[in-house]
Amino acid sequence: MVRLLIVASAVALAAGSGLGCAGPRAKPQFVQQAQRLHDKALAPAISRDGDLADYVQAVGERLLEGARAAAPDKAADPVFSRLKFHLVGAELPNVFTTGGTHVYVYSGLLRPGVCDTEEELAAAMAHAVAHAMNLDVQNTLRDPDPRLPPPAVAWQFVTNRFTPQQEWAADKLAFAMYARAGWDPEQYGNLYLKLGDRYPGRPENGRAPLSYRTEAGRVSGLEPQRRWRQPPVADRRTFNDLRRSATSLGTAATGPALLAPEAQIILWALPNCVLPFDLPGQVQAQELLRPRPQAGPPVEPN
Ligand SMILES: [Zn+2]
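On a predicted model such as this, the values are computed, not experimentally measured, just so you know.

Draft legend 1. How the structure looks around the overall build of the chain. Counting secondary structure elements, the chain contains 14 helices and 3 strands. Going through the 302 residues of the chain one by one, you find that 42% of them count as buried. Pairs at least 24 apart in sequence give 76% of the contacts found in the chain among residues at least 6 apart.

Draft legend 2. View of the sheet that holds strand β3 (residues 102-106). The strand order across the open sheet built from 3 strands is β1-β3-β2, with neighbouring strands paired in mixed fashion. With partners counted over all chains shown, the strands left at the sheet margins are β1 (84-88) and β2 (95-97), one partner each. Each strand of the sheet is rotated relative to its neighbour by a mean of 20°, with strand direction disregarded. Here 5 bridges tie β1 to β3, and the two strands are oriented parallel to one another. Pairing of L87 across the sheet is with V105, part of β3.

Draft legend 3. View of the pairing of β3. Taken across its 5 residues, β3 has 5 buried, putting it largely inside the fold. Neither face of β3 is exposed, since H102, Y104 and Y106 on one face and V103 and V105 on the opposite face are all buried. As defined by bridge partners, β2 adjoins β3 across 3 bridges and the pair is classed as antiparallel. Bridging from a neighbouring strand, T97 pairs with V103 of β3. The antiparallel hairpin formed by β2 and β3 contains 4 residues in its connecting segment, where G99 sits at a positive phi of about 105°.

Draft legend 4. The arrangement of helix α5 (residues 118-133) in detail. Taking 1.5 Å of rise per residue, the 16 residues of α5 would be expected to cover 22 Å, and the 22 Å separating its terminal C-alpha atoms lies within 8% of that figure. Once α5 finishes, L135 follows within two positions and takes phi at roughly 55°, a positive value.

Draft legend 5. Just unusual backbone geometry, in detail. Located in the positive-phi region is L135, a residue other than glycine, with phi close to 55°. At N205, a position not held by glycine, the phi torsion is positive, near 55°. Within the secondary structure, N205 sits in the loop between α9 (190-198) and α10 (210-213).

Draft legend 6. Summary view of the nonpolar core. With 79 residues, the main nonpolar core has V95, V105, M125, V129, M177 and Y178 as its most contacted residues. When residues in this core are grouped by element, the largest group, 11 residues, is from α5. For V129, the residues in contact, after removing those within four places along its chain, are L63, L64, A67, V103 and M177.

Draft legend 7. The arrangement of the environment of E167 in detail. Along the chain, E167 turns up in helix α8 (residues 164-180). What makes E167 buried here is the crowd of 22 C-beta atoms within 10 Å. Along the primary structure E167 and D136 are separated by 31 residues, whereas in three dimensions their C-alpha atoms are 9.3 Å apart. In this view, E167 contacts F162 and R207; residues no more than four positions away in its chain are not counted.

Draft legend 8. Summary view of the confidence of the model for the chain. In the predicted model, the chain carries a mean pLDDT of 88, and the fraction of residues at 70 or more is 87%. This stretch, residues 1-20, has a pLDDT under 50; its non-local contacts, to residues over four places away or in other chains, come to 0 contacts.

Draft legend 9. Spatial organisation of helix α7 (residues 150-159). For α7, the full list of buried residues reads P150, V153, A154 and F157. Summarising the axial view, the buried residues of α7 lie within an arc of 100°, below the 170-degree limit, and thus occupy one face. Facing away from the buried side of α7 by over 90 degrees, the exposed positions are A152 and T159. Of the surrounding elements, those touching the buried residues of α7 are α2 (28-42), α13 (262-269) and α14 (280-289).

Draft legend 10. Seen up close, the environment of G66. By the secondary structure assignment, G66 is in helix α3 (residues 50-70). For G66, a count of 25 C-beta atoms within 10 Å puts it in the buried group. Along the primary structure G66 and A174 are separated by 108 residues, whereas in three dimensions their C-alpha atoms are 9.5 Å apart. What G66 contacts, discounting residues up to four positions off in sequence, is M177, Y178, R180 and A181.

Cut-offs used in this document
- Residues numbered from 1 in each chain as written.
- Predicted model: local features only at pLDDT ≥ 70, side-chain atom pairs only at ≥ 80, totals over all residues.
- Helix = DSSP H or I, 4+ residues; strand = E, 2+ residues; numbered from the N terminus.
- Buried ≥ 20, exposed ≤ 12 C-beta atoms within 10 Å, placed from the backbone.
- Contact = placed C-beta atoms within 7 Å.
- Pairing = 2+ DSSP bridges.
- Axes fitted to C-alpha atoms, helices over the stretch in contact; angles between N-to-C directions.
- Expected span 1.5 Å × (residues − 1).
- Core = buried A, V, L, I, M, F, W, Y, C linked by C-beta atoms within 7 Å.
- pLDDT = per-residue confidence, 0-100.
- Arc of directions from axis to C-beta.

And the structure:
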């Protein structure tokens, strides 16, 4: 009996502390919206290369472990234990979460001169995981309407962007989970420095220049520990092999004009979370999603 009581009070304590610590949680209607977008539109763009799929998922899982250490209250939401990281054939640097259990890692990230190391790929992916954990989609978009077709849902992402504050918060949380997950903190900013040279241009929508993003680690308040360090998921050679397979993913590398499928248009149209502005091909794709004005009733001539 005494033992039972102890068990019962331990359960009550666990339930109570769970309730006490839990911050805001992912709303089911947003999780469902992301699932619809995936099933109805984006799934065909996923790479069928099993090794690449496993690798991207493994890097993502390790980021989630890092997030559980860096932000346990946020990472405790059961939705995040179901996060799927998809490598999609889209030849631009981007990684995007649609607000549920799906993170899209663009094949353009694995081009030579973009993510040349696993650390650079992990840094980019960490940013999207941070948006997911911060619930930025549900904090930004209006409540989902299940009747909206996928292009109209994607258009909402175009017109309701993450704010500069959300971007900066995502960068800081990204650094924390990256470092806790065991990658070299010194290498966190490499990707952004390199992209700043490769894609010069003025930041848009109030976004910070890429050079600021390299500072996220310094201002995160986190003192990286040596004992957190782990070897990368793939050694250098394996990483390069995987990258070569990713390069052959996209058949058309010239932008969305040649890519008819809806998945490509939507992937290109989603705002760029790696660069501080959208590339011309993205703006083109966004125009394809723009809702057309409804034609009025025909006017009878008098
Ligand atoms: Zn972002």
